[in-house]
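Residues per chain are reported as follows:
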Amino acid sequence: IRATKSAVQKLAARRLVERLFKKLPLRKNVEKQIREDKTISSNIRRFALQFADDFRENPQSLFSAAEPLILSATLKPEDYQQGLQYIEAAVKIQPRNHKYQTLLGIAQYRNGKYKTALVTLERAQIVTAVYGHVGTGSLRIPGTRPSQT
């Protein structure tokens, strides 16, 4: 049995999208990569963008990508921002997941969104670690006393 050229291109596009989602778990990053890759033919690009649009982001993959970016103390601000984007997407898919909510709160804190972080952590009913055992006092808004948070 011979496959049509279109069927072969669709298969190539689907495999490309699956590979990219393993590497870049956020849909907008996958779509950007597909658009910018000059080695992809126009037909495969068109099919890949269609598949990417239909592909469901995996919240666990997003969490797994976000966690090392958010929990590392040695990264650049743009890494913390990328981690925040990943975990926000995971929480959007599964808003009741306490593990995701906790990491979201930590990511918000790392990105200077201190009040939002405290609200998120309270919502998740978690006051655990950024690095090990850190209590709520360590998650204070900089420049305030504990009673002001």
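As a starting point, this report considers the structure included with it.

## Topic: the nonpolar core
The tendency in soluble globular proteins is for nonpolar side chains to be buried as a group.
Turning to step 1, where the next piece is worked out: Within the largest apolar cluster, 17 residues are counted, with the highest numbers of intra-cluster contacts made by Leu62, Ala66, Ile70, Tyr86, Ile87, Tyr100 and Leu103.
Turning to step 2, where the next piece is worked out: Setting aside chain neighbours within four positions, we find Tyr100 in contact with Pro59, Gln60, Phe63, Ile87, Ala90, Val91 and Gln94.
Turning to step 3, where the next piece is worked out: Ala13, Leu16, Ala48 and Phe51 belong to the second-largest nonpolar core, a separate cluster that totals 14 residues.

## What about the packing of helix α1 (residues 5–23) against helix α2 (residues 27–36)?
In helix packing, the relevant descriptors are the interaxial angle and the interaxial distance, both defined with respect to the helix axes.
Turning to step 1, where the next piece is worked out: Running from N to C, α1 and α2 point in directions that differ by 130 degrees, and their axes come no closer than 9 Å. As the angle between them shows, α1 and α2 are arranged oblique. Like other packed secondary-structure pairs, α1 and α2 cross with a definite hand, here right-handed. In this structure, α1 uses Leu16, Val17, Leu20 and Phe21 to contact α2, whose residues at the interface are Arg27, Val30, Gln33 and Ile34.
Turning to step 2, where the next piece is worked out: Residue composition of the contact of α1 with α2, grouped by class: six nonpolar, one polar and one charged.

## Digging into helix α3 (residues 42–54)
Turning to step 1, where the next piece is worked out: Spanning 13 residues, α3 covers 19 Å between terminal C-alpha atoms, matching the ideal 18 Å at 1.5 Å per step.
Turning to step 2, where the next piece is worked out: Taken residue by residue, α3 has Ile44, Arg45, Phe47, Ala48, Phe51 and Ala52 as its buried positions. Along α3, the residues classed as buried sweep out an arc of 165 degrees about the axis, all on the same side. In α3, the exposed residues that point more than 90 degrees away from the buried face are Ser42, Asp53 and Asp54.
Turning to step 3, where the next piece is worked out: On its buried side, α3 packs onto α1 and α2.

What counts as what
- Residues numbered from 1 in each chain as written.
- Predicted model: local features only at pLDDT ≥ 70, side-chain atom pairs only at ≥ 80, totals over all residues.
- Heavy atoms only, no water.
- Core = buried A, V, L, I, M, F, W, Y, C linked by side-chain atoms within 4.5 Å.
- Buried < 20%, exposed > 50% of the residue type's maximum accessible area, 1.4 Å probe, protein only.
- Contact = heavy atoms within 4.5 Å.
- Axes fitted to C-alpha atoms, helices over the stretch in contact; angles between N-to-C directions.
- Helix = DSSP H or I, 4+ residues; strand = E, 2+ residues; numbered from the N terminus.
- Parallel < 35°, antiparallel > 145°, perpendicular 65-115°, else oblique.
- Left-handed = near helix turned anticlockwise from the far one by under 90°.
- Nonpolar A, V, L, I, M, F, W, Y, C, P; charged D, E, K, R; others polar.
- Expected span 1.5 Å × (residues − 1).
- Arc of directions from axis to C-beta.

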